[in-house]
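Remarks on the overall topology
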Amino acid sequence: MGFKQLIDSKKMLSLLAVLMLTGTNMVMAQAAATATEEKPGVDWLSVSYYILLFVLACIAVAVVGKILRVYDLSQKIQGKAGINWNTVMAVLFIGFLLAGLAGVYWSFTVHGNMILPGAASLHGVKIDAMFWTTTSITMVVFVLTQILLFTFVFIYKYSPKRRAYFLPHNNTIEKVWTIAPAIVLTVLVIFGFFTWQEVTNSADAKGEPASINVDITGEQFAWNLRYPGPDGLLGKKNYKLISGANKLGIDFNDKNSLDDLKADTMVIPVNKSVRLNISSKDIIHSVYMPHFRVQLNAVPGLPTFFKFTPTVTTEQMRNKLENPEFEYLVYCNKICGASHYNMQKVVRVVSEAEYAQWLAKQQPYLTPALRTELKLAEVSNNNNSTKRLALNN
Amino acid sequence: MSTLAVHDHGVGHHHEDGHGHHHKETFLTKYIFSQDHKMIGKQFLVTGIAMAFIAMILSILFRIQLAYPDKAFPLMETLLGRFAPEGRLDPEFYLSLVTIHGTIMVFFVLTAGLSGTFSNLLIPLQVGARDMASPFMNMLSYWFFFTACAIMLSSFFIQKGPAGPGWTIYPPLSALPTAMKGSGMGMTLWLISMVFFIASSLMGGINYVSTILNMRTKGMDLWKMPLTIWAFFLTAILGILSFPVLVAGVVLLIFDRSFGTSFYLSDIVVNGQIMPMEGGSPILFQHLFWFLGHPEVYIVIMPAMGISSEIMSVNSRKPIFGYHAMVYSLIGITVLSFIVWGHHMFVTGMNPFLGGVFMITTLIIAVPSAVKTFNWLATLWRGNIRFTPAMLFAIGLVSFFISGGITGIFLGNAALDINLHDTYFVVAHFHLVMGSAAIFGMLAGVYHWFPKMFGRMMDEKLGYLHFWLTFIGAYLVFFPMHFMGLDGVPRRYYAFTEFVSMQQWLSVNTFITWAAIISALAQFAFLYNFIHSIFWGKKATQNPWEANTLEWTAPVEHLHGNWPGEIPSVYRWPYDYSKPGAEEDFIMQTTPLSQTMSSNVPHDFEDNAAGLEELSKWTNTQKSNEEVK
């Protein structure tokens with residue numbers, strides 16, 4: 001269908017009119033609940049307007065195209081060269097480079113200020129250092145190569161008077177740009193390897209400073225927390241023991257489990273190493289605490305752990321960010337079903353004294369109801385002992 | 001001038017001496033069950049384009065959800081029914097959209113649509129063969145692919161909808177039919193579809209490799225093959241070696257889903273019910289999946305690299321810089337791509353030492369990638385660049401490859417991956433480096449070889465419009481996502497309103513969605529141009545781009561068998577552009593070196609005694625002529 005026919009088409013115009021008339025409220029009306037919250041003038045969301053806008057944009061493009069064509073033809077009739085599209089494209093490329101670099105700078109200054117604050121954990125600081133080193137190196141390469149690319153296409157645009165330079169290869173240059181990236185990457189590999197080793201090194205296994213053990217178990221769609229009780233040790237779990245009352249399948253044949261505590265919020269003391277014992281009941285979840293640069297999958301049948309030391313309390317971070325509402329959170333970072341997008345749990349970093357106070361208030365996992373369900377005798381006669389910090393495992 | 005044809009290496013290769021008279025074709029055998037590689041290539045292309053548009057529309061649907069998480073769109077309910085109750089996407093259907101978008105784009109568009117199209121079209125034409133080694137198997141490969149597409153799309157019409165565990169289908173989510181809606185029948189269809197798809201890829205790959213190895217024309221030794229053929233060859237090898245591993249993984253997954261085995265399952269409680277499976281590991285599936293999955297990203301990008309290398313050389317009117325280095329870097333990428341899969345699993349809890357090893361191999365692969373980038377830049381340097389739409393897309397590919405490739409260095413570093421894994425940083429990275437770049441390679445190929453496929457030219461101005469809107473749009477969509485990732489925003493989240501800290505990204509998300517919509521609309525300019533040009537485009541000449549490779553020696557009119565008479569012989573590499581001393585700025589591969597004595601360089605006669613003798617004679621004649629003067 002030609003452009004003229006399209007404009008003249010009564011069917012098209014009729015269809016457009018119908019869309020215009022029916023679109024605003026019938027086609028794209030917002031749900032009543034949300035409509036009341038909308039500010040006046042949101043009718044622009046109507047599909048018909050979008051279709052109209054699209055049609056107008058197409059017409060505008062077609063008109064510009066026709067004008068260019070007419071201009072081109074008239075130039076040719078006058079014996080002139082007409083539009084040199086090679087020049088147009090070259091200019092567009094150099095314009096894109098300049099606008100792009102400005103855009104990158106703008107994005108770094110605006111969006112760059114919206115990214116996570118500095119790490120709130122010991123190992124996170126090392127990861128941040130690694131990140132900024134990598135960023136510095138790669139940004140130089142990024143900017144230089146993009147400049148070279150678009151400058152070359154601008155400078156060496158087609159000219160019938162010129163012939164390209166025959167340069168099939170140059171071994172020296174090729175060696176240079178093979179070896180140079182290799183050296184840079186070697187530096188990054190070594191830096192990264194040692195950082196990775198420090199992060200994943202199991203200090204507990206080597207008898208180094210003890211951790212506070214916190215058990216975190218993922219399930220659709222919640223995180224369950226368990227803390228060791230006065231003995232400082234977490235009892236064993238067995239998924240076969242999971243029941244309505246024993247949600248985590250705690251094995252109460254293991255005496256260490258008798259005083260374990262359950263918690264709604266992950267409270268951890270500042271500057272103490274924390275060992276997260278991670279597991280899942282059903283599918284793969286991922287414990288993600290971006291402020292601490294902590295992430296590890298929760299895999300059913302494969303208990304994992306991540307050890308870290310928080311260095312900034314929630315209160316300090318609130319002051320730093322000037323946001324009194326701020327909370328550290330643990331997200332689920334692995335696709336896990338309908339409510340995956342809202343599987344969150346608050347993490348609160350407090351002083352050691354506050355942690356002790358908080359821990360003392362936590363309820364034991366072994367509730368009277370569970371005791372009855374499991375038909376457990378009064379196992380411990382020492383339940384009146386003072387709860388203490390779980391600083392060893 | 002002597003007319004002696006100086007033959008280089010490659011004597012003794014298979015040289016079919018038929019005359020292109022294949023079986024008589026009916027409508028059915030010409031257009032539907034065709035065994036002609038050119039038609040099969042076009043079938044792959046058309047199906048790939050159709051699938052790309054479907055995947056694009058799916059992405060627009062979930063982008064609208066991300067831009068307006070609190071709004072209801074009654075039209076969505078009209079269109080999607082139970083998948084969008086009250087005009088809002090169902091959260092599980094959102095995951096299905098993401099899953100099917102990823103699956104279609106990675107496998108059906110960027111693997112089959114890209115590699116299937118251009119390997120089929122170009123391998124016989126560029127190596128000088130009448131068809132693929134096994135045309136029947138080639139035809140089957142398309143129909144298996146088509147069946148795979150049909151099965152995948154059919155999952156939209158079943159009760160619980162398509163698969164939803166993400167395109168990586170990690171068990172147990174994919175292994176437990178009750179885990180979510182998208183783990184049910186939709187997941188089964190996904191698996192069946194993939195088995196068909198892999199069978200298709202293997203049949204295609206075996207054909208490509210055997211054709212390249214056995215059916216090259218006289219003179220076409222390995223070092224005279226265009227980079228496209230090198231890329232298709234190595235891609236096919238990657239596919240042949242890696243896809244069977246995924247088949248194994250998929251079959252075991254089907255067993256776990258349907259027959260009570262527990263290869264990937266252990267210690268599971270679903271909805272309070274203790275499952276009997278024990279002893280398996282979901283991580284095993286990830287190892288198997290990524291053993292394919294990482295080579296897969298190179299299966300996607302390498303053909304695009306080959307295509308853009310070819311197009312850049314043709315349109316810069318320069319030899320591709322460092323041809324050998326380009327080939328070696330492709331080989332390097334091929335080999336290394338098999339030993340980097342673990343970088344997808346840094347945070348799964350696998351042995352940290354293993355993580356360290358995978359980090360080293362992953363970062364090493366950046367070296368051949370860097371070599372390729374610098375060689376492209378050197379190819380453009382002092383060129384005489386013609387901005388055909390194909391060339392624009394090839395330049396766009398280089399830009400995307402730089403931008404997306406660089407962020408791979410972050411993700412390949414295990415320590416940094418702890419914080420970036422599964423965030424929008426990853427989405428930005430792979431959409432630039434293997435999404436946008438590979439799509440640009442594919443589009444470059446379509447614009448460049450359209451005259452070869454359909455005997456007509458595409459409209460250049462529409463091509464320019466298509467390029468600029470897509471190029472700018474892709475950057476506007478994916479660049480801001482890096483920062484979202486650096487803020488710890490996880491991918492595959494249905495709404496950004498549930499976390500206070502993520503609400504700051506709402507306006508950015510709206511912006512990204514609109515950029516995506518504009519880019520998507522630009523694809524309709526391409527679609528219009530593509531369809532319109534097939535029927536009404538300007539008729540193409542035999543060699544419209546003045547390129548050197550063999551396909552441009554074949555007649556415009558399609559012939560099953562490609563060349564009407566003898567298959568042309570090859571005497572030189574494919575990148576003799578702007579050679580000093582040559583009359584024109586291109587010399588076809590079929591032009592004997594003896595016809596271009598004034599432009600030959602000693603390198604042309606390497607390991608060729610007859611050629612060197614010819615050169616010596618010619619040089620002496622020149623000298624004596626000068627003395628006479």
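As annotated in an unreviewed UniProt entry, chain B is Cytochrome c oxidase subunit 1 from Mucilaginibacter auburnensis. Per UniProt, the comment on chain B under Subcellular location (unreviewed entry) is "Membrane". The record in UniProt for chain B states the following under Sequence similarities (unreviewed entry): "Belongs to the heme-copper respiratory oxidase family."

Looking at an unreviewed UniProt entry, one finds chain A named Cytochrome c oxidase subunit 2, with Mucilaginibacter auburnensis as its source organism. Quoted verbatim from the Sequence similarities (unreviewed entry) heading of the UniProt record, the comment on chain A is "Belongs to the cytochrome c oxidase subunit 2 family." The UniProt entry for chain A carries the following text under Function (unreviewed entry): "Subunits I and II form the functional core of the enzyme complex. Electrons originating in cytochrome c are transferred via heme a and Cu(A) to the binuclear center formed by heme a3 and Cu(B)."

**Focus on the overall build of chain A**
When you go through chain A residue by residue, the secondary structure sums to ten helices and ten strands. Per-residue burial for chain A yields a buried fraction of 45% across its 393 residues. Within chain A, contacts between residues at least 6 apart in sequence are counted, and of these 70% link residues at least 24 apart.

**As for the overall build of chain B**
Scanning chain B from terminus to terminus reveals 17 helices and two strands. On C-alpha atoms alone, chain B measures out to a radius of gyration of 26 Å, which is about the 25 Å that the 2.2 N^0.38 rule sets for 629 residues. Referenced to the eigenvectors of the C-alpha coordinate spread, the extents of chain B come out at roughly 100 × 50 × 50 Å. Considering chain B as a whole, with its 629 residues, one finds that 69% of them fall into the buried category. If you take every contact in chain B between residues at least 6 apart in sequence, the share linking residues at least 24 apart comes to 79%. Accessible surface, chain B as shown: approximately 19,700 Å² in total, 67% of it carbon and sulfur.

**Overview of the environment of Gln220 of chain A**
The topology assignment puts Gln220 of chain A in the loop between strand 1 (212-219) and strand 2 (222-227). Once the C-alpha coordinates of Gln220 of chain A and Phe131 of chain A are considered, the two residues, 89 residues apart in sequence, prove to be 33 Å apart. Setting aside chain neighbours within four positions, we find Gln220 of chain A in contact with Asp282, Ile283, His285 and Cys336 of chain A together with Leu173 and Ala179 of chain B. A polar atom in the side chain of Gln220 of chain A sits 2.9 Å from the backbone oxygen of Cys336 of chain A. A polar side-chain atom of Gln220 of chain A sits 3.1 Å from the main-chain carbonyl oxygen of Ala179 of chain B.

**A word on a positive patch on the surface**
A contiguous patch of positive charge on the surface is contributed by Lys66 and Arg69 of chain A together with Lys461 and Lys538 of chain B. Structurally, Lys538 of chain B can be placed in the loop between helix 16 (506-536) and helix 17 (609-628). On the basis of relative accessible area, Lys538 of chain B is assigned to the exposed category, the value being 65%.

**Some remarks on the sheet that holds strand 4 (residues 266-269) of chain A**
Backbone hydrogen bonds are what pair the strands of a sheet, in a parallel or an antiparallel way. Residue and element names in this part refer to chain A. Pairing is mixed in the open sheet, where five strands are placed in the order 4-10-9-6-7. Each edge of the sheet is formed by a strand with only one pairing partner; in this case those strands are strand 4 and strand 7 (294-298). With direction set aside, neighbouring strand axes in the sheet form an average angle of 20 degrees.

**Some points on the domain arrangement of chain A**
Residue and element names in this part refer to chain A. Here the domain parsing of chain A yields domain 1 (89-159 + 171-201) and domain 2 (212-374). Distance from the C-alpha centre of domain 1 to the C-alpha centre of domain 2: 37 Å. At the junction of the two partners, domain 1 supplies twelve residues and domain 2 supplies 16 residues. Taken together, both faces of the contact between domain 1 and domain 2 bury some 1,100 Å²; the carbon and sulfur share is 61%. On the domain 1 side of the contact with domain 2, Leu116, Pro117 and Ala120 bury the most area, a combined 47% of that side's loss. Run the count over domain 1 and domain 2 and you get one salt bridge. Where Arg293 meets Asp128, a salt bridge forms, and the shortest distance between an N and an O atom there is 2.8 Å. Ranked by the residues each element gives to the side of domain 1 that touches domain 2, the list is headed by helix 6 (residues 122-155), at five residues. When grouped by side-chain class, the residues that make up the side of domain 1 that touches domain 2 number seven nonpolar, four polar and one charged.

**Remarks on the interface of chain B and chain A**
At the junction of the two partners, chain B supplies 127 residues and chain A supplies 105 residues. Between chain B and chain A, a total of about 10,400 Å² is buried, with carbon and sulfur atoms accounting for 72% of that surface. Our count for the contact surface shared by chain B and chain A stands at two salt bridges. We note a salt bridge from Asp422 of chain B to Lys334 of chain A, for which the minimum N-O separation is 2.7 Å.

**Here we look at the confidence of the model for chain A**
Per-residue pLDDT for chain A averages 84, and the proportion of residues at 70 or more is 81%. Confidence over residues 23-42 of chain A falls short of pLDDT 50; this stretch has 29 contacts with residues more than four positions distant or in other chains.

**Remarks on a nonpolar patch on the surface**
Judged by side-chain polarity, Val251, Phe255, Phe259, Phe263 and Leu284 of chain B come together as a nonpolar surface patch covering roughly 430 Å² of accessible area. You can see Val251 of chain B is positioned in helix 7 (residues 227-258).

**Structural notes on the UniProt feature "domain: Cytochrome oxidase subunit I profile" (unreviewed entry) in chain B**
Per the UniProt entry, the sites bearing "domain: Cytochrome oxidase subunit I profile" (unreviewed entry) are residues 27-553 of chain B in this numbering. Here residues 27-553 of chain B runs as 68% helix and 1% strand, with 26 Å between its end C-alpha atoms.

**Remarks on helix 2 (residues 37-67) of chain B**
For helix 2 of chain B, built from 31 residues, the straight-helix expectation of 45 Å at 1.5 Å per residue is met to within 8% by its first-to-last C-alpha distance of 44 Å. Taking burial as the measure, the 31 residues of helix 2 of chain B include 26 buried ones, the bulk of the element.

**A word on the UniProt feature "transmembrane region" (unreviewed entry) in chain A**
Residues and elements named next belong to chain A. The sites that carry the UniProt feature "transmembrane region" (unreviewed entry) are, in the present numbering, residues 47-68, 88-109, 129-155 and 176-196. Annotated as 100% helix and 0% strand, the span residues 129-155 places its first and last C-alpha atoms 39 Å apart. Secondary structure within residues 176-196 divides into 100% helix and 0% strand; the distance between the first and last C-alpha atoms comes to 30 Å.

**A look at the pattern of salt bridges**
In this structure the tally under the stated criterion is 23 salt bridges over all chains. Note that Glu327 of chain A and Arg318 of chain A form a salt bridge whose closest N and O atoms lie 3.0 Å from each other. A salt bridge links Asp585 of chain B to Arg317 of chain B; the nearest nitrogen and oxygen atoms lie 2.9 Å apart. Taken together, the positions of Asp585 of chain B in the loop between helix 16 and helix 17 and Arg317 of chain B in the loop between helix 8 (282-316) and helix 9 (323-336) put the pair 268 residues apart, joining distant regions of the chain.

**Points about the domain arrangement of chain B**
All names here are of chain B. Segmentation of chain B into domains returns domain 1 (32-536) and domain 2 (561-628). Residue-level contacts link 26 residues of domain 1 with 19 residues of domain 2. Together, the buried faces of domain 1 and domain 2 total about 1,800 Å²; carbon and sulfur atoms form 53% of this surface. In terms of surface lost to domain 2, no three residues of domain 1 exceed Arg130, Lys224 and Arg317, which account for 38% of the buried area on that side. Across the domain 1-domain 2 interface, the total number found is one salt bridge. Between the two partners, domain 1 and domain 2, sit 14 residue pairs in polar contact (both at pLDDT 80 or more). Mapped onto the side of domain 1 that touches domain 2, the elements with two or more residues apiece are helix 2, helix 4 (91-127) and helix 8.

**Some words on the nonpolar core**
Ranked by internal contacts, the top residues of the largest apolar core, which has 292 residues, are Tyr227 and Leu276 of chain A together with Phe118 of chain B. The element best represented in this core is helix 4 of chain B, accounting for 21 residues. Core analysis: the next-biggest nonpolar cluster, separate from the first, contains seven residues, Phe252, Leu258, Tyr365 and Leu370 of chain A among them.

**Remarks on the confidence of the model for chain B**
Averaged over every residue, the pLDDT of chain B is 92; residues scoring 70 or more account for 96%. When the criterion is pLDDT under 50, residues 1-20 of chain B qualifies, and its contacts beyond four places in sequence or with other chains add up to 62 contacts.

**Quick look at the packing of helix 4 of chain B against helix 14 (residues 424-454) of chain B**
Residues and elements named next belong to chain B. Relative to each other, helix 4 and helix 14 sit at 35 degrees, their axes nearing to 10 Å. Considering how the two elements wind past one another, helix 4 and helix 14 form a crossing that is left-handed. Grouping the amino acids of the contact of helix 4 with helix 14 by side-chain chemistry returns 18 nonpolar, six polar and one charged.

**Digging into the pairing of strand 1 of chain A**
Residues and elements named next belong to chain A. Counting buried residues in strand 1 gives eight out of eight residues, a clear majority hidden from the surface. The two faces of strand 1 match: Ile212, Val214, Ile216 and Gly218 on one face and Asn213, Asp215, Thr217 and Glu219 on the other face are all buried. The pairing of strand 1 with strand 5 (residues 274-280) spans seven bridges and is parallel. For Gly218, the partnering residue across the bridge sits in strand 5 and is Ser280. Inspection of the sheet shows strand 1 paired to strand 2 by five bridges, in the antiparallel sense. Bridge pairing in strand 2 places Thr217 opposite Asn224. Hairpin remark: strand 1 followed by strand 2, antiparallel, with two residues in the connecting loop.

Cut-off values and rules
- Residues numbered from 1 in each chain as written.
- Chains lettered and ligands numbered in written order.
- Predicted model: local features only at pLDDT ≥ 70, side-chain atom pairs only at ≥ 80, totals over all residues.
- Heavy atoms only, no water.
- UniProt positions renumbered as here; feature names shortened; annotations may be inferred.
- Helix = DSSP H or I, 4+ residues; strand = E, 2+ residues; numbered from the N terminus.
- Buried < 20%, exposed > 50% of the residue type's maximum accessible area, 1.4 Å probe, protein only.
- Contact = heavy atoms within 4.5 Å.
- Rg over C-alpha atoms; globule rule 2.2 N^0.38 Å.
- Areas by Shrake-Rupley, 256 points an atom, 1.4 Å probe, with all protein chains shown as cover.
- Polar contact = N/O pair within 3.5 Å; in protein donor to acceptor, adjacent residues only side chain to side chain.
- Patch = residues over 30% accessible without salt bridge, like charges linked within 9 Å, V, L, I, M, F, W, Y side chains within 5 Å.
- Salt bridge = Lys/Arg side-chain N within 4 Å of Asp/Glu carboxyl O.
- Lys, Arg positive; Asp, Glu negative; His and termini not counted.
- Charge placed at Lys NZ, Arg CZ, Asp CG, Glu CD.
- Pairing = 2+ DSSP bridges.
- Axes fitted to C-alpha atoms, helices over the stretch in contact; angles between N-to-C directions.
- Domains from an automatic or database assignment.
- Buried area = accessible area lost by both parts, 1.4 Å probe.
- Nonpolar A, V, L, I, M, F, W, Y, C, P; charged D, E, K, R; others polar.
- pLDDT = per-residue confidence, 0-100.
- Expected span 1.5 Å × (residues − 1).
- Core = buried A, V, L, I, M, F, W, Y, C linked by side-chain atoms within 4.5 Å.
- Left-handed = near helix turned anticlockwise from the far one by under 90°.

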